[in-house]
Amino acid sequence: MSDKEKILTVIDKETGEIQARVKLPDRTFGKKRWLAMFQEAMTWISGQHDMTGEQLKVMLNLIGRMEYDNRISFKTKDVAESIGINPNNVSRALKVLKDKEIIYKDPNNDNVYKLNPYIGHKGTKNYGSNVVEFSKIKCDKEYEELQSK
């Protein structure tokens, strides 16, 4: 048994017999990849009936690649290979994910996307700055759309 592995033993108080032995999960998250997701966002995404299964697979693959501060850097070819689709379909899925504001381009790096911070967040810092960044991009987009009318 490793230092972090713990076993819970359930003993019958009357007979003293062992009723169960359960291995407890390791509760240290530091070395594991994790992110926080908002349940309402998951409900909203699941209700996007115009999204295809392929687009959802691309979204999940990108979220699985997400780094701290919601940064997602990848090669289209790598995403396509990992889920078994054509790279052109990944590009089309990216457009849908951007249009639905699930992901957006990092304003500081054209080669990086970010997950909408209202959907989820990875890291212990910068959540507030990601919300401000996303809100500014959204406002700028809405302003441009108004100007073009």
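See above for the structure.
Thresholds applied
- Residues numbered from 1 in each chain as written.
- Predicted model: local features only at pLDDT ≥ 70, side-chain atom pairs only at ≥ 80, totals over all residues.
- Heavy atoms only, no water.
- Helix = DSSP H or I, 4+ residues; strand = E, 2+ residues; numbered from the N terminus.
- Buried < 20%, exposed > 50% of the residue type's maximum accessible area, 1.4 Å probe, protein only.
- Contact = heavy atoms within 4.5 Å.
- Areas by Shrake-Rupley, 256 points an atom, 1.4 Å probe, with all protein chains shown as cover.
- Lys, Arg positive; Asp, Glu negative; His and termini not counted.
- Charge placed at Lys NZ, Arg CZ, Asp CG, Glu CD.
- Core = buried A, V, L, I, M, F, W, Y, C linked by side-chain atoms within 4.5 Å.
- Axes fitted to C-alpha atoms, helices over the stretch in contact; angles between N-to-C directions.
- Parallel < 35°, antiparallel > 145°, perpendicular 65-115°, else oblique.
- Nonpolar A, V, L, I, M, F, W, Y, C, P; charged D, E, K, R; others polar.

Trainee: Before we go on, may I ask you to explain the overall build of the protein in this structure?
Mentor: Counting secondary structure elements, the protein contains five helices and seven strands. Traced from its N-terminal end to its C-terminal end, the protein shows the element sequence β-β-β-α-α-β-α-α-β-β-β-α. Considering only C-alpha atoms, the protein reaches an extent of 80 × 35 × 30 Å along its principal axes. Expressed as a percentage of its 149 residues, the buried residues of the protein come to 30%. When contacts within the protein are restricted to residue pairs at least 6 apart in sequence, those whose partners lie at least 24 apart make up 53%. Carbon together with sulfur atoms contributes 53% to the accessible area of the protein, which is approximately 10,500 Å² in total. Computed over 26 positive and 22 negative side-chain charges, the separation of the two mean positions in the protein equals 3 Å.

Trainee: Sorry if this is basic, but what is going on with the nonpolar core here?
Mentor: The tendency in soluble globular proteins is for nonpolar side chains to be buried as a group. In terms of nonpolar packing, the biggest core is built from 23 residues, with V58, L62, I72, L97, I102 and I103 touching the most fellow members. The residues contacting I103, other than those within four sequence positions of it, are L62, I72, L94, L97, K98, Y113, K114, L115 and N116.

Trainee: I keep staring at the packing of helix α2 (residues 53-65) against helix α4 (residues 87-99) and nothing clicks. Help me out?
Mentor: Pairs of packed helices are described in terms of their axes, by the angle between the two and the distance that separates them. Here α2 crosses α4 at 80 degrees, and the two axes come no closer than 9 Å. In this view, α2 runs roughly perpendicular relative to α4, as classed from their interaxial angle. From α2, E54, Q55, V58, M59 and L62 reach across to α4, where they touch N89, V90, A93, L94, V96 and L97. The class makeup of the residues in the contact of α2 with α4 is eight nonpolar, two polar and one charged.

Trainee: Mind showing me how you'd approach unusual backbone geometry here?
Mentor: Here N70, not a glycine, exhibits a phi torsion of approximately 65 degrees, which is positive. In this fold, N70 is placed in the loop between α2 and β4 (71-72). You can call N70 buried: its relative accessible area is 0%.

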